[in-house]
Structure formats: structure tokens, C-alpha cells
Amino acid sequence: TDVALEWVQAPTEDIAQGQPLDLRFRVSNQSLVLAPDVIVSAELPPLNDLAATSDLGPVTILPGDPVRFELGDLPAGASATLEISGTLPLDIDRASYPLSASASTTWPDSDPDNNAVPRIWLDIAAADLALDLHIDPTTPLLPGGSFNLHLAYSNRDRGLATGVVVTLTLPAGIQNLTWTA
């Protein structure tokens, strides 16, 4: 047999936590005999709701590292598409993840050089926390005077900002401090 694997669809830009990830591969049997028990092994980031479909029929997903996708038999000269989908979890702890895959069959492969796709990197969208601070009035205060301090924060990028802590050090002597969020 000669099973070949190629990318059909891969991410072209970064993806934020909680967003879907969709991958598509083409598996081909370039030989004149049946390729039995075709399996695609994929290096993936952690994914919630991992699912896979193929035009060969139902796909069995075997968790692990790599994740294995059992496609079944691939007729001589035939090709099939494997679609893998899932959602990136919110608690991702890395800025990028490798994506790669390889195809195999239970029979010897006459050309193992075409069994794997080139590794690519999936970049996770960054968060960009921005703070804006305004004080009213802007003139010096007399003893016993009062002021309003407005602090606005925002995330100016697509990534999820988690564990955000804002620390504001105020001068000594401030009394009767009230805070609203």
C-alpha cells in the first residue's frame, strides 16, 4: 500500500480561547490494493468537544498524545477527507501549540515519506490589557477636599485576559474611601 496525507484546511491566523478549531486532511491510497485499517495520528492542542468526520464513514477517536482517528479501509486509488473539530478551552496555558499528523495502515507502506503533513504552529491570540486613569478635579486639593478617581480597563485584543489584578497605590492620608465597580 501507499497511504499519503496532506493538509486541506489549517489555521491561517491566531485563535482565541473558547473559539472553534477546524482542521481538514486528505488521506489517499496511491496503490493498487486496499489499505486496511487506516489511522491518522494527530498532534493537537487540548480541545473541548473533540469530533471527527470522514467520507469513509464513522470515525473512532482514541484519546492520547497523539490523538488517533480510526478511519477504516481505504480502497485502492481512493481518497477521503478527515475533518477534525473542537473548541479551545478557556484555561490554555501556552502561547502556541504544534499541529501535525501522520497516516498509517496495518499493511506495509511502500512510500512512508508521504505519510505525514508538515508541522505547523497554532498561535493563541494574546490579550492586551489597557488601563485608563482620570482624576476629577485636576487641580490640587485642599485638606478635607474630595476627588473622584475613574479607572477604566479593557482588553484590546482577541485573547482572553484571565487572572487580571489591578493594584492602585493611593497616597497616605486618604480617608473615607468608597469604591464602586
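Along the protein chain, the regular secondary structure elements total zero helices and eleven strands. When the elements of the protein chain are put in sequence order from the N terminus, they spell out β-β-β-β-β-β-β-β-β-β-β. Computed over its C-alpha atoms, the radius of gyration of the protein chain comes to 27 Å, more than 25% above the 16 Å expected for a compact globule of 181 residues. Seen along its three principal axes, the alpha-carbon backbone of the protein chain occupies a region of about 90 × 25 × 20 Å. Every one of the 181 residues in the protein chain was classed for burial, and the buried ones make up 30%. A separation of at least 24 residues holds for 72% of the contacts in the protein chain among residues at least 6 apart in sequence. Of the roughly 11300 Å² that the protein chain leaves accessible, carbon and sulfur atoms contribute 52%.

Inspection of every chain in the model, using the stated rule, returns three salt bridges. Note that R26 and E6 form a salt bridge whose closest N and O atoms lie 3.5 Å from each other. Here E6 lies in strand 1 (residues 3-9) and R26 lies in strand 2 (residues 20-29), a separation of 20 residues in the sequence. Using a relative accessible area of 32% as the deciding quantity, one classes R26 as partly exposed.

Strand order in the open sheet formed by four strands is 1-2-7-4, and the pairing between neighbours is antiparallel. In the strand order of this sheet, the two ends are held by strand 1 and strand 4 (48-54), each with one partner. Taking each pair of neighbouring strands and ignoring which way they run, the sheet shows an average axis angle of 20 degrees. In the sheet, strand 1 pairs with strand 2 via six bridges, with the strands oriented antiparallel. In the strand pairing of strand 2, L5 is matched with V27.

This brings us to the layout of surface pockets. Space inside the largest pocket adds up to approximately 810 Å³. In terms of lining, the largest pocket is formed by 26 residues, of which the most central are F147, N148, L149, L177 and T178.

Glancing now at the side chain of N114. Its location among the elements puts N114 in the loop between strand 8 (96-104) and strand 9 (120-123). In this structure N114 comes out as buried when scored by relative accessible area, which is 16%. Side-chain polar atoms of N114 contact the side chain of D2, separated by 3.2 Å. Not counting chain neighbours up to four residues away, the residues in contact with N114 comprise D2, V3, A4, L5 and Q30.

Relative to strand 8, strand 3 (residues 35-43) is paired through five bridges, and the arrangement is antiparallel. In the sheet register, V40 faces strand 8, and the bridge partner there is A103. Bridge analysis of strand 8 against strand 9 gives four bridges, and the strand direction is antiparallel. Pairing of S96 across the sheet is with D123, part of strand 9.

Along the chain, the position of L56 falls in the loop between strand 4 and strand 5 (60-62). Among the residues examined, L56 registers a relative accessible area of 31% and is labelled partly exposed. Spatially, the C-alpha atoms of L56 and P75 are 9.8 Å apart, while their sequence positions differ by 19 residues.

Before going further, it helps to spend a moment on the nonpolar core. If you look at the biggest cluster of nonpolar residues, it comprises 31 residues, and the most contacted ones within it are V27, L44, F69 and L82. Apart from residues lying up to four places away in sequence, L82 is in contact with L23, R24, F25, V40, A52, T53, V59, F69 and L71.

Rules used throughout
Residues numbered from 1 in each chain as written. Predicted model: local features only at pLDDT ≥ 70, side-chain atom pairs only at ≥ 80, totals over all residues. Heavy atoms only, no water. Helix = DSSP H or I, 4+ residues; strand = E, 2+ residues; numbered from the N terminus. Rg over C-alpha atoms; globule rule 2.2 N^0.38 Å. Buried < 20%, exposed > 50% of the residue type's maximum accessible area, 1.4 Å probe, protein only. Contact = heavy atoms within 4.5 Å. Areas by Shrake-Rupley, 256 points an atom, 1.4 Å probe, with all protein chains shown as cover. Salt bridge = Lys/Arg side-chain N within 4 Å of Asp/Glu carboxyl O. Pairing = 2+ DSSP bridges. Axes fitted to C-alpha atoms, helices over the stretch in contact; angles between N-to-C directions. 1 Å grid on protein atoms, 1.4 Å probe; cavity = no way out; pocket = protein on both sides within 12 Å on 5 of 7 lines; lining within 4 Å. Points joined across faces, edges and corners; volume = space filled by probe spheres on them. Polar contact = N/O pair within 3.5 Å; in protein donor to acceptor, adjacent residues only side chain to side chain. Core = buried A, V, L, I, M, F, W, Y, C linked by side-chain atoms within 4.5 Å.

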